Amino acid sequence: MGLHLYDTRTRRVRPFEPLRPGHVGVYVCGPTVQSAPHVGHLRTALPFDLLRRWLEQSGQGVTLVQNVTDIDDKIIVNAGRDGTSVWELATRQTRAFDEAYRTVGIAPPTIQPRATGHLPEMIALVESLVDAGYAYPGAGSVWFRVGRFADYGALSHQRPESMLPSAEAEPGKADPRDFALWKAARPGEPFWSSPWGDGRPGWHLECSAMAGKYLGSTFDIHGGGLDLVFPHHENERAQTLCAAAGAGQPGEMARYWMHVGLLTTGGTKMSKSLGNSVLVADALEVVRPQVLRYHLLSAHYRSTLEYSPEALAESTAAHDRVETFVRNALDILGGPGEAAALAADDRPRSATGGGGSHGAGAAGAWADFTAALDDDLAVGRALAALFGAVAQGNQVLSKAHSRALATWVQVTRRMLAVFGLDPHDQWPTAGAELRPALDGVMQIVLDLRSAARARRDYAEADSIRARLAAAGLIVEDTPEGQRWHLA
């Protein structure tokens, strides 16, 4: 059926058709680098990493732009509290965010613009809005006329007359709903020169300018957290559309608006302001990064996801089951190269050609996986296809069906690659440093077991195998000799 995505503006799932065939432009609102990243930031970023991987798997080129907001009221306040400069704080926390994303396997954006690097574009955008009558200066600031834009509220599905006043500073504002495009300089704060006096850009203005510079006035997908729908994305859309209309280029800013559901803890939104956020660094003290990635991707991106020790334990068990199957299968088959060659011999054939029963089953599992992700990234169904493949693979894991095992491990790894969770290629260091030592120790133990069997001391041989099984190491006797794998 091809990819379908839910669009916040139209409130429906629509067939996805990129503006330019074969290429997709995506703008994701990145972090405001006021303090260290928490797991809620990863929850927002990961669905767009999954979307990017799925688009690329489907043959699309992707330009993903994710900005860094490095000038903002909260950054200024936190820098003053910490006794450091705005620039030092923003630089340090930008690096912390980059490291947090990298640690859980989020691919770097194609372009990562900083707000402070795009002041000329922002000033030009404000000038165009003032010239077209959609904005006005007042008390050193510049304000957007909400009442002038007839479609204001269409993204968040609100009526302008029922909206609360903007929380921004009031001097010079004609309508309580109007929002700041340019903020007049205040003592001790960073500022830039502009036609309206010294000041700095408003938050909403920054993303419009950066999205427009790198993706154009109209692009494919604009994304972010659900909490950004209003006022941030509503205001972005308004100022972008009005600037385009003033330039004689009317059109929708983004053809699809994607928003990620909230991460909760104890049923309450995880937030720094509420004091219930879990820093990424603290989370990684108790859970492996690939398990954290699995957990944050395990629910549909538009749903609420709970973060708790119990939920993490469930995700750990589920992830470890898949990881164990892949590692055991590749050990048995002799590595990924051998598995790929054997799976090629087990591929589905025509009805007259016969053969390939497991290949046909694996092809069906991949078709189910594809249908799920094409349906607005329905990860629940995609994970069901993944675990179905693992179950089939485990059925032949201990049997002399190497082609069947290779087929199931290949399709499992193909699915995992889309999720960014393949334990061999994408997480190759997970326990790899201990594997040579474990192989050596196991060879010694298996030699002792072989010696016991050679002298007909079967009680000792069985005892060795039982003790290994209790430690999570399964030993099997095959025509080719003893073979072991993790439980």
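These numbers were taken from a predicted model, which means no experiment stands behind them.

Engineer: Whenever I open this one, the overall build of the protein confuses me. Can you help?
Structural biologist: Of regular secondary structure, the protein possesses 15 helices and 15 strands. Per-residue burial over the protein gives 51% buried out of 487 residues. Pairs at least 24 apart in sequence give 74% of the contacts found in the protein among residues at least 6 apart. As displayed, the protein offers around 21,100 Å² of accessible surface, 54% of which is attributable to carbon and sulfur atoms. A gap of 3 Å separates the mean positions of the 47 positive and 54 negative side-chain charges of the protein.

Engineer: Would you explain the pairing of strand E3 (residues 23–28) in this entry?
Structural biologist: Looking along a regular strand, one sees side chains alternate from face to face of the sheet. Burial analysis of E3 places 6 of its 6 residues in the buried class, the great majority of the element. On E3, burial covers both faces: His 23, Gly 25 and Tyr 27 on one face and Val 24, Val 26 and Val 28 on the other are all buried. Sheet topology places E3 next to strand E4 (residues 61–66); 6 bridges connect them, and they run parallel. Across the sheet, residue Val 28 finds its bridge partner in E4, namely Gln 66. For the segment spanning E3, helix H1 (residues 39–57) and E4, crossover handedness is right-handed. In terms of strand pairing, E3 meets strand E9 (residues 219–225) through 3 bridges, oriented parallel. Along E9, the bridge assignment pairs Val 28 with Gly 223.

Engineer: Sorry if this is basic, but what is going on with the pattern of salt bridges here?
Structural biologist: Scanning the model with the defined rule gives 27 salt bridges in all. Asp 49 is paired through a salt bridge with Arg 53; the nearest N and O atoms lie 2.8 Å apart. With a gap of 4 residues between them, Asp 49 and Arg 53 both fall in helix H1, about one helical turn apart. Counted as one network, the salt bridges with shared partners bring together Asp 73, Lys 183, Arg 186, Glu 189 and Arg 200.

Engineer: Looking at this structure, how should I read the packing of aromatic side chains?
Structural biologist: Within a pair of aromatic rings, the relevant descriptors are the distance that separates the centres and the angle that separates the planes. Tallied over the full model, the rule gives 9 aromatic pairs. Where Phe 97 meets Tyr 101, the ring centres are 6.1 Å apart and the plane angle is 55°; that geometry is what we call tilted. A residue pair is termed a helical-turn pair when its members lie 3 or 4 positions apart in one helix, as Phe 97 and Tyr 101 do in helix H3 (residues 86–103) at 4 residues. Since its relative accessible area comes to 2%, Phe 97 is described here as buried. A centroid spacing of 6.3 Å and a plane angle of 55° characterise the contact between Trp 182 and Trp 196, whose relative ring orientation is tilted. Of this pair, Trp 182 sits in strand E7 (residues 179–184) while Trp 196 sits in the loop between E7 and strand E8 (199–201); the two residues are 14 residues apart in sequence, bridging distant segments of the chain. No difference in accessibility class separates Trp 182 from Trp 196, as the two residues are buried. Among the aromatic side chains, those forming a connected cluster through ring pairs are Trp 54, Trp 366, Phe 369 and Phe 419. Sitting over the face of the ring of Tyr 256, Arg 14 holds its NZ or CZ atom 4.2 Å from the ring centroid. Sitting above the plane of the Trp 366 ring, Arg 414 keeps its charged end 3.7 Å from the centroid.

Engineer: Teacher, can you tell me more about unusual backbone geometry here?
Structural biologist: The phi torsion of most residues other than glycine is negative, and most of the peptide bonds are trans. Omega for the peptide link from Phe 230 to Pro 231 comes to 5°, which places this bond in the cis form. With a phi angle near 55°, Asp 376 is a residue other than glycine that sits in the positive phi range. Checked against the element boundaries, Asp 376 lands in the loop between helix H11 (357–374) and helix H12 (379–396).

Engineer: I keep staring at the sheet that holds strand E12 (residues 268–269) and nothing clicks. Help me out?
Structural biologist: Sheet strands pair via backbone hydrogen bonds, and the direction of the pair is either parallel or antiparallel. Sheet architecture is open: 3 strands sit in the order E12-E11-E13, paired in mixed fashion. Two strands close off the open sheet at either side, each with one partner strand: E12 and strand E13 (305–306).

Engineer: I keep staring at the packing of helix H8 (residues 289–297) against helix H9 (residues 309–333) and nothing clicks. Help me out?
Structural biologist: For any two helices packed against each other, one specifies the crossing angle of their axes together with the interaxial distance. Between H8 and H9, the shortest axis-to-axis distance is 9 Å and the interhelical angle comes to 110°. Here H8 lies roughly perpendicular to H9, going by the angle between them. Handedness of the crossing formed by H8 with H9: right-handed. Along the contact surface, H8 presents Gln 290, Val 291, Tyr 294 and His 295, while H9 presents Ala 311, Leu 312, Ser 315, Thr 316, Ala 318, His 319, Asp 320 and Glu 323. Considering only residue class, the contact of H8 with H9 consists of 5 nonpolar, 5 polar and 2 charged.

Engineer: In this structure, what is going on with the nonpolar core? I would like to understand it.
Structural biologist: Note that soluble globular proteins tend to have their nonpolar side chains buried in a common cluster. Ranked by size, the top nonpolar core spans 130 residues in total, and within it Leu 42, Phe 144 and Phe 369 carry the most contacts. Counting residues per element, this core draws most heavily on helix H13 (residues 402–419), at 10 residues.

Engineer: Sorry, what's going on with the sheet that holds strand E6 (residues 141–144) here?
Structural biologist: In space, the 4 strands of this open sheet follow the order E5-E6-E7-E8, with antiparallel pairing throughout. At either margin of the open sheet sits one strand with a lone partner, and together these are strand E5 (135–138) and E8. The average angle at which neighbouring strand axes cross in this sheet is 25°, direction not considered. Pairing of E7 with E8 involves 3 bridges; the strand directions are antiparallel. Note that in E8 the partner of Lys 183 across the bridge is Arg 200. Those strands touched by helix H4 (residues 119–131) are E5, E6, E7 and E8, and its axis lies near 120° from that of E7.

What counts, and where the lines are drawn
Residues numbered from 1 in each chain as written. Predicted model: local features only at pLDDT ≥ 70, side-chain atom pairs only at ≥ 80, totals over all residues. Heavy atoms only, no water. Helix = DSSP H or I, 4+ residues; strand = E, 2+ residues; numbered from the N terminus. Buried < 20%, exposed > 50% of the residue type's maximum accessible area, 1.4 Å probe, protein only. Contact = heavy atoms within 4.5 Å. Areas by Shrake-Rupley, 256 points an atom, 1.4 Å probe, with all protein chains shown as cover. Lys, Arg positive; Asp, Glu negative; His and termini not counted. Charge placed at Lys NZ, Arg CZ, Asp CG, Glu CD. Pairing = 2+ DSSP bridges. Right-handed = clockwise from strand over helix to strand, strands pointing away. Salt bridge = Lys/Arg side-chain N within 4 Å of Asp/Glu carboxyl O. Phe/Tyr/Trp six-rings, centres within 6.5 Å; stacked < 30°, edge-to-face > 60°. Lys NZ or Arg CZ within 6 Å of the ring centre and 35° of its normal. Axes fitted to C-alpha atoms, helices over the stretch in contact; angles between N-to-C directions. Parallel < 35°, antiparallel > 145°, perpendicular 65-115°, else oblique. Left-handed = near helix turned anticlockwise from the far one by under 90°. Nonpolar A, V, L, I, M, F, W, Y, C, P; charged D, E, K, R; others polar. Core = buried A, V, L, I, M, F, W, Y, C linked by side-chain atoms within 4.5 Å.

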